[in-house]
Amino acid sequence: AQSVTQLDSQVPVFEEAPVELRCNYSSSVSVYLFWYVQYPNQGLQLLLKYLSGSTLVKGINGFEAEFNKSQTSFHLRKPSVHISDTAEYFCAVSGYQAGTALIFGKGTTLSVSS
Amino acid sequence: GAGVSQSPSNKVTEKGKDVELRCDPISGHTALYWYRQRLGQGLEFLIYFQGNSAPDKSGLPSDRFSAERTGESVSTLTIQRTQQEDSAVYLCASSLEGTSGTYEQYFGPGTRLTVT
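Residues numbered from 1 in each chain as written. Chains lettered and ligands numbered in written order. Predicted model: local features only at pLDDT ≥ 70, side-chain atom pairs only at ≥ 80, totals over all residues. Heavy atoms only, no water.

Examining the packing of aromatic side chains
Move 1: The final tally for this structure, using the stated rule, is 13 aromatic pairs over all chains.
Move 2: When the ring of tyrosine 36 of chain A is compared with that of phenylalanine 107 of chain B, the centres are 5.3 Å apart and the planes differ by 80°; the resulting orientation is edge-to-face. With one member in each of two chains, tyrosine 36 of chain A in strand S5 (residues 32–38) and phenylalanine 107 of chain B in strand S9 (residues 106–107) form a pair that bridges those chains. The burial state of tyrosine 36 of chain A is the same as that of phenylalanine 107 of chain B; both residues are buried. (Phe/Tyr/Trp six-rings, centres within 6.5 Å; stacked < 30°, edge-to-face > 60°. Helix = DSSP H or I, 4+ residues; strand = E, 2+ residues; numbered from the N terminus. Buried < 20%, exposed > 50% of the residue type's maximum accessible area, 1.4 Å probe, protein only.)

Structure below.
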């Protein structure tokens, strides 16, 4: 079984500041890793994913994440945030088999103010 | 192309009534998932359909919940005798399961269910 822990429920930052949203996972098998974003009153949108290869993954809107197998982490980073990045961010894992449901963390609310 | 669509977008129902939620996946997507998102919580997996295989119902919270899918198209999630704890946003996702290199699930906008 897998589980995901997002260590911060809320992260307030000022515009143009860097941000890191933390995600740790637990799994007895190898997993795929994802970050999704949910803007107010919208559905979930994939930001980035780690399937294999380079542990540094770049996604949309200037976000990137680094897979650290030894620390079982997949933290999301952005060097300079915008007001428009205000949203809920979800970290998720899935097993390798087709049809494996995504296991989500509880989400981190990123609030960017000017 | 069109994304995943869900209807209704909002549903308010009285406790004890039955509700049906609809999901139209992306055309050609063989896999379809239902998730539930309760306030302040992450998404909880409910049920998974893949082609004509028997669905994975392991996430359904009680026998009041059921879902059907016609082939590789529309799915309906039915909740019977709704309870207040069923209030949540119900999200549907579809994916091109089974093809190499693609494990991305595309999500619909969700149906917000409020049980009064």
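Back to the text.
Some words on the interface of chain A and chain B
Move 1: Counting from both sides, the interface comprises 20 residues of chain A and, opposite them, 19 residues of chain B.
Move 2: Where chain A abuts chain B, roughly 1,500 Å² becomes buried across the two surfaces, and 58% of that area is made up of carbon and sulfur atoms.
Move 3: At the boundary of chain A with chain B, the tally comes to zero salt bridges.
Move 4: Elements represented by at least two residues in the side of chain A that touches chain B include exactly S5 and strand S6 (44–50) of chain A.
Move 5: Per element, the largest residue contribution to the side of chain A that touches chain B is four residues, and it comes from S5 of chain A.
Move 6: Here the side of chain A that touches chain B is composed, by residue class, of twelve nonpolar, six polar and two charged. (Contact = heavy atoms within 4.5 Å. Buried area = accessible area lost by both parts, 1.4 Å probe. Salt bridge = Lys/Arg side-chain N within 4 Å of Asp/Glu carboxyl O. Nonpolar A, V, L, I, M, F, W, Y, C, P; charged D, E, K, R; others polar.)

A look at the sheet that holds strand S6 (residues 65–69) of chain B
All names here are of chain B.
Move 1: Ordered in space as S1-S3-S7-S6, the four strands form an open sheet in which the pairing is antiparallel. On the outer flanks of this sheet lie strand S1 (5–7) and S6, each paired with one strand and no other. Averaged over all neighbouring strand pairs, the angle between strand axes comes to 15°, with direction disregarded.
Move 2: With five bridges connecting them, S6 and strand S7 (residues 75–79) associate as antiparallel partners. Pairing of phenylalanine 65 across the sheet is with isoleucine 79, part of S7. (Pairing = 2+ DSSP bridges. Axes fitted to C-alpha atoms, helices over the stretch in contact; angles between N-to-C directions.)

Focus on unusual backbone geometry
Move 1: Here serine 7 of chain B and proline 8 of chain B are connected by a cis peptide whose omega angle stands at -10°.
Move 2: Take proline 8 of chain B: it is sitting in the loop between S1 and strand S2 (10–13).
Move 3: Of note, the phi angle at glutamate 16 of chain A is positive, near 75°, even though the residue is not glycine.
Move 4: With respect to the secondary-structure elements, glutamate 16 of chain A resides in the loop between strand S2 (10–14) and strand S3 (19–21).
Move 5: Taking the relative accessible area as the measure of exposure, glutamate 16 of chain A reaches 62% and is therefore exposed.
Move 6: Although it is not a glycine, asparagine 61 of chain A sits at a positive phi angle of roughly 60°.
Move 7: The topology assignment puts asparagine 61 of chain A in the loop between strand S7 (56–58) and strand S8 (64–68).

Some points on the nonpolar core
Residues and elements named next belong to chain A.
Move 1: Membership of the largest hydrophobic core comes to 28 residues, with the highest contact counts inside it found for Leu33, Trp35, Leu47, Leu48, Phe74, Leu76 and Tyr89.
Move 2: The biggest single contributor to this core is strand S10 (residues 87–94), with four residues.
Move 3: Sequence-distant contacts of phenylalanine 74, defined by excluding residues within four places in its chain, comprise Cys23, Leu33, Phe34, Trp35, Leu48, Tyr50, Ala65, Glu66 and Phe67. (Core = buried A, V, L, I, M, F, W, Y, C linked by side-chain atoms within 4.5 Å.)

Limitation: the analysis is restricted to geometry and does not speak to function.
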